[in-house]
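Coordinate inspection notes
Here are the chains, one letter per residue:
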Amino acid sequence: MNHSFKNYIYYILASILLVSCNLDDFLDTAPDSNLDEETVFTVFTNAEKFQADIYSNLKARFNAVGDYQPVPLSSASDESDSQQGYHGTTKFNIGNYDGLDDNLSNSYAGIRKANLFLSKKDVIPFPTEKKKNQMLGEVYFLRAFYFNEVVKRFGGMPIMDENSLLYPNDDLNLSRNTYKECVDFILGDLGKAIDLLPVDLSETEYGRATKGAAMALKARVLLFAASPLWQSKMGENLWSDAANAALAVINLKDDDGNLEYELYNTGNGADDYAQLFFTRREGGNKEVIFAKQNAPVGFSSDEIKVWSPKGGAFGGDGAVCPTENFVELFEKKGADGNYYPITDARAGYDAQNPYKDLDPRFYKTVLYNGSEWQGETLDLTYNEVTDSSGANRKDKTSYTRTGYYVRKYLPESVEYLSSNTAYHNWIYFRLAEMYLDYAEARNEMLSAPDDSVYDAVNKIRERSGVTGIPYNSLSKDQMRERIWNERAVELSFEEHRWWDARRWMKAEDWFGGSMYEMEVRKKGSTLTYTKKTFYTRIFRSYMNLYPIPTSEMQKNPLYTQNPGW
């Protein structure tokens, strides 16, 4: 947390910033920098702009780590790798977390804005009770959202509410609250938000929080709190609460009695999975619960260019490269039509024909040797003699180090040197996560998975054309591993794997040790595929929590550092 905010109250009144395109109507002009605090909040249009600005601390996470062309957190997990020095994930991969992705300044800035607004709620002349409830509900949600971003990184941290709003010259040294106190505070805010927020919004309001968004965050917070990393800190078993919270989102009805959320499913299998990331609610996508709405972007946007493949006519930086570790999480269709992990003999996996009959989501997530993309066929073959390597992997220094590029999140129509654009919103919550949250929590409640667990997992699989897991075929432990895997595949690159590994205390297994590439060599017309270690990463159990940055420890003598750091 940047304690230069001693003058924050005065600063924020003079610096209301533009946020997402769907909120622009509220932000055409900022409050005059000469207005005092009372004038801002006693004039509704000014208060409305201030409230809209609280959304500006929401960040898309396509490029989250690094200074020059940063990359996603996936490249610090086993999902992907980023070479060429574009990123800060290399520091993560060698165990250096100090100040990296800490989000403290941004999150607490959002919290302070929320607190200031809430502290003035009695003087704001809201035009109607309905408008008052909606705006306050949004602020309670945003405060909970921002504080959860802090807590999931560091554990218990100082709770700041509207009654502890810090003004210039206040004592800035705050002790850390316990994890349970923080979770209870977040759940308290979400309870208020759920009570106040509407289920539905008008199209011009898309991008604002809804009742469903608050319910989804509640489900995620409870899932984390129930998980092994945190369960002892809570002092109670919360799996049932987590399951019920996720199910409530799944069953939420709109004002007409219809389900508010549905998986994006037009009957086109994995094509629907690919397109849901470019299709907004007004385009028929009812799967998205809450997202950072942006105007359409073109190829020059870093969130396209940095991710796009390199070589040939693609023009991208190719800086997000799936690992072989991740690729091997995709199941393969066996002779009986069911899908199995590739380690299961029933899958019939052939290491020299590794991409045959995989989970259809694989082909929408990963670009591999022989992939068709934007009218070209990727040549990712490699030989030590640079000029004999494929156009998309001429070397392993400036091209992909893993033998793959990412496809997910890339709209195929947005090409290099074209003027094409596409919607490209960062989705914080979508219905598929809620099904998987429910399945996981429900499975942990029981001695063996019941039909509701299979139903939830299979609904996700079947949307993309993946045969469902046969009912009554798995033990509780086996189902847990299949749910982990399903989350890794379905929610890949959405910043779930990074946190799932931690809350289940599996990161040492998943993120530590060898990261693998696929080296494809060509001799004549014969291709050979070899799995090779390209990097050995470091992960220790204490890394499940981030360290409080050294700069913050020096500023606040009341802070205690997380164990191991």
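Residues numbered from 1 in each chain as written. Predicted model: local features only at pLDDT ≥ 70, side-chain atom pairs only at ≥ 80, totals over all residues. Heavy atoms only, no water.

1. Some details on the overall build of the chain
The following threshold applies: Labels follow the DSSP assignment, with helices taken as runs of H or I lasting at least four residues and strands as runs of E lasting at least two, numbered in each case from the N terminus. As a reference, a globule follows 2.2 Å times the number of residues to the power 0.38, and the radius of gyration itself is taken over C-alpha atoms. Here, residues are in contact when the closest pair of their heavy atoms is within 4.5 Å. Note on areas: Shrake-Rupley with a 1.4 Å probe; residue coverage comes only from the protein chains shown. Positive charges are assigned to Lys and Arg, negative charges to Asp and Glu, while His and the chain termini are left out of the count. Positions of charges follow a simple convention, taking NZ of Lys, CZ of Arg, CG of Asp or CD of Glu.
Across its full length, the chain carries 20 helices and 12 strands. Its C-alpha atoms give the chain a radius of gyration of 24 Å, within 12% of the compact-globule value 24 Å for 565 residues. Considering only C-alpha atoms, the chain reaches an extent of 75 × 50 × 50 Å along its principal axes. When contacts within the chain are restricted to residue pairs at least 6 apart in sequence, those whose partners lie at least 24 apart make up 70%. Here the chain displays about 21400 Å² of accessible surface, and carbon together with sulfur accounts for 46% of that area. One finds the centroid of the 63 positive side-chain charges in the chain at a distance of 3 Å from the centroid of its 81 negative side-chain charges.

2. Section: helix α10 (residues 239-250)
The cut-off we apply is this: Multiplying 1.5 Å by the helix residue count minus one yields the expected span of that helix. Only protein chains enter the accessibility calculation, which uses a 1.4 Å probe; a residue whose area is less than 20% of its type maximum is buried, one above 50% is exposed, and one in between is partly exposed. Directions are taken from the helix axis to each C-beta atom, and the arc is the one they span.
Between its terminal C-alpha atoms α10 stretches 17 Å, which fits the 16 Å expected from 12 residues at 1.5 Å a residue. Within α10 the residues assigned to the buried category are Trp239, Ala242, Ala243, Ala245, Ala246, Val249 and Ile250. On an axial view of α10, the arc spanned by its buried residues comes to 165°, and they lie on one face. Looking at the packing, one finds that the buried side of α10 touches α8 (211-226), α9 (228-234), β2 (288-292) and α15 (431-445).

3. A short note on the environment of Ser240
Examined against the element boundaries, Ser240 turns out to sit in helix α10. Residue classification places Ser240 among the partly exposed positions, given a relative accessible area of 30%. Taking C-alpha positions, Ser240 is 40 Å from Lys49, a pair spaced 191 residues apart along the chain.

4. Here we look at the layout of surface pockets
To keep it simple, the criterion reads: The distinction between a cavity and a pocket rests on a 1 Å grid over the protein atoms alone: a 1.4 Å probe fits inside a cavity but cannot get out, while a pocket stays open yet meets protein on both sides within 12 Å along at least five of seven lines, and a residue with an atom within 4 Å of a point counts as lining. Grid points are joined across faces, edges and corners, and a volume is the space filled by probe spheres set on the points. The residue classification treats Ala, Val, Leu, Ile, Met, Phe, Trp, Tyr, Cys and Pro as nonpolar and Asp, Glu, Lys and Arg as charged. All others, Gly included, are polar.
Of the voids in this model, the largest pocket is the one considered here, and its volume is about 770 Å³. Broken down by secondary-structure element, the contributors of at least two residues to the lining of the largest pocket are β5 (339-340), α17 (476-490), α19 (507-511) and β11 (513-523). Taken together, the residues of the lining of the largest pocket break down into 12 nonpolar, 8 polar and 12 charged.

5. With respect to the packing of α8 against α15
Filter applied, for reference: Interaxial angles span 0 to 180 degrees and are taken between N-to-C directions of axes, which are lines fitted to C-alpha atoms, for helices over the stretch in contact. Two helices crossing with the near one rotated counterclockwise from the far one by less than a right angle form a left-handed crossing, whereas a clockwise rotation gives a right-handed crossing.
Look at α8 against α15: their axes get within 11 Å of each other, and the N-to-C directions meet at 35°. The two elements α8 and α15 meet at a crossing, and its hand is left-handed. On α15, the residues touching Ala216, Ala219, Arg220 and Leu223 of α8 are Glu433, Met434, Asp437, Glu440 and Ala441. When grouped by side-chain class, the residues that make up the contact of α8 with α15 number 5 nonpolar, no polar and 4 charged.

6. Focus on unusual backbone geometry
The backbone of Asp101 shows a phi angle near 55°, a positive value even though the residue is not glycine. Relative to the elements of secondary structure, Asp101 occurs in the loop between α4 (89-93) and α5 (104-119). Judged by relative accessible area, Asp101 falls into the buried class, the value being 10%. Located in the positive-phi region is Asn103, a residue other than glycine, with phi close to 60°. Of note, Asn103 is situated in the loop between α4 and α5.

7. A word on the packing of aromatic side chains
Centre-to-centre distance and the angle between the planes together describe a pair of aromatic rings. Note the cut-off: The aromatic pairing rule takes the rings of Phe, Tyr and Trp, using the six-membered ring of Trp, and pairs them if the centres are within 6.5 Å, calling planes under 30 degrees apart stacked, those over 60 edge-to-face and the rest tilted. Any Lys NZ or Arg CZ that is within 6 Å of a ring centre and within 35 degrees of that ring's normal is treated as a charge sitting over the ring.
Tallied over the entire structure, the rule returns 47 aromatic pairs. Arranged with centres 6.3 Å apart and planes meeting at 80°, the rings of Phe62 and Trp307 form a pair that is edge-to-face. Within this pair, whereas Phe62 is found in the loop between α3 (44-53) and β1 (80-81), its partner Trp307 is found in the loop between α12 (302-305) and β3 (321-322), the two being separated by 245 residues in sequence. Taken together, a centroid distance of 5.6 Å and an interplanar angle of 90° make the contact between Tyr273 and Phe277 edge-to-face. Summarising the burial analysis for this pair, Tyr273 and Phe277 share the class buried. Over the face of the ring belonging to Trp510 we find Arg497, whose NZ or CZ atom lies 3.8 Å from the ring centre. Over the ring of Trp498 we find Arg502; its NZ or CZ atom is 3.9 Å from the centre of that ring.

8. Notes on the nonpolar core
For clarity, the cut-off: To qualify as a nonpolar core, a set must consist of buried Ala, Val, Leu, Ile, Met, Phe, Trp, Tyr and Cys residues joined through side-chain atoms within 4.5 Å.
Counting 158 residues, the largest nonpolar core has Phe117 and Phe141 as the members making the most contacts within it. Residues in contact with Phe141, not counting those within four places in the same chain, are Leu190, Ala193, Leu197, Ala209, Ala213, Ala214, Leu217, Phe290 and Phe429.

9. Examining the side chain of Glu303
Condition: A pairing counts as a salt bridge when a side-chain nitrogen of Lys or Arg comes within 4 Å of a carboxyl oxygen of Asp or Glu. Polar contacts, as counted here, are pairs of nitrogen or oxygen atoms within 3.5 Å of one another; within protein the pair requires one atom able to donate a hydrogen and one able to accept it, and residues that are adjacent in sequence qualify only if both atoms are side-chain atoms.
Position of Glu303 relative to the elements: it lies in helix α12. Salt bridges are absent for the buried Glu303, whose nearest opposite-charge side chain, Lys292, sits at 9.4 Å. Polar side-chain contacts of Glu303 include one of 2.6 Å to the side chain of His424. Not counting chain neighbours up to four residues away, the residues in contact with Glu303 comprise Phe62, Asn63, Val297 and His424.

10. Focus on the pattern of salt bridges
This model, assessed by the stated rule, comprises 50 salt bridges. We note a salt bridge from Arg430 to Glu287, for which the minimum N-O separation is 2.7 Å. Highlighted residues: Arg430 in strand β10 (residues 426-430) and Glu287 in the loop between α11 (270-275) and β2, separated in sequence by 143 residues. Here the two residues Arg430 and Glu287 agree in accessibility, since each one is buried.

11. Structural notes on the pairing of strand β12 (residues 526-537)
Selection rule: For two strands to be treated as a pair, DSSP must find at least two bridges joining them.
In this structure, β11 lies alongside β12, joined through 11 bridges in antiparallel fashion. When the sheet's bridge partners are listed, Met518 is paired in β12 with Lys531. Hairpin connection from β11 to β12: 2 residues lie between these consecutive antiparallel strands, with Gly524 at a positive phi of about 65°.

12. Quick word on the confidence of the model for the chain
Heads up, the rule is: Confidence scores here are pLDDT values: one per residue, from the predictor, ranging 0 to 100.
Taken as a whole, the chain shows an average pLDDT of 92; of its residues, 92% reach a score of 70 or greater. Low pLDDT, under 50, characterises residues 1-11; the stretch is placed with 31 contacts to residues that sit more than four places away or in other chains. Taken as a whole, residues 14-34 scores under 50 in pLDDT and shows 45 contacts with residues more than four places along the chain or in a different chain.

13. What about the packing of helix α7 (residues 179-196) against α8?
Stated formally: The scheme is simple: roughly parallel for angles under 35 degrees, roughly antiparallel for over 145, roughly perpendicular for 65 to 115, oblique for anything else.
Running from amino to carboxyl end, α7 crosses α8 at an angle of 160°, the nearest separation of the two axes being 9 Å. With respect to each other, α7 and α8 are oriented roughly antiparallel. Judged by the sense of rotation from one axis to the other, the crossing of α7 with α8 is left-handed. Residue-level inspection shows Tyr179, Val183, Ile186, Leu187, Leu190, Ala193, Ile194 and Asp195 of α7 in contact with α8, the latter providing Lys211, Ala214, Met215, Leu217, Lys218, Val221, Leu222, Phe224 and Ala225. Residue classes in the contact of α7 with α8 are distributed as 14 nonpolar, no polar and 3 charged.

14. Brief notes about the side chain of Asn285
Within the secondary structure, Asn285 is located in the loop between α11 and β2. Overall, the relative accessible area of 0% leaves Asn285 in the buried class. Once residues within four sequence positions are removed from consideration, Asn285 is found in contact with Tyr264, Leu276, Thr279 and Arg280.

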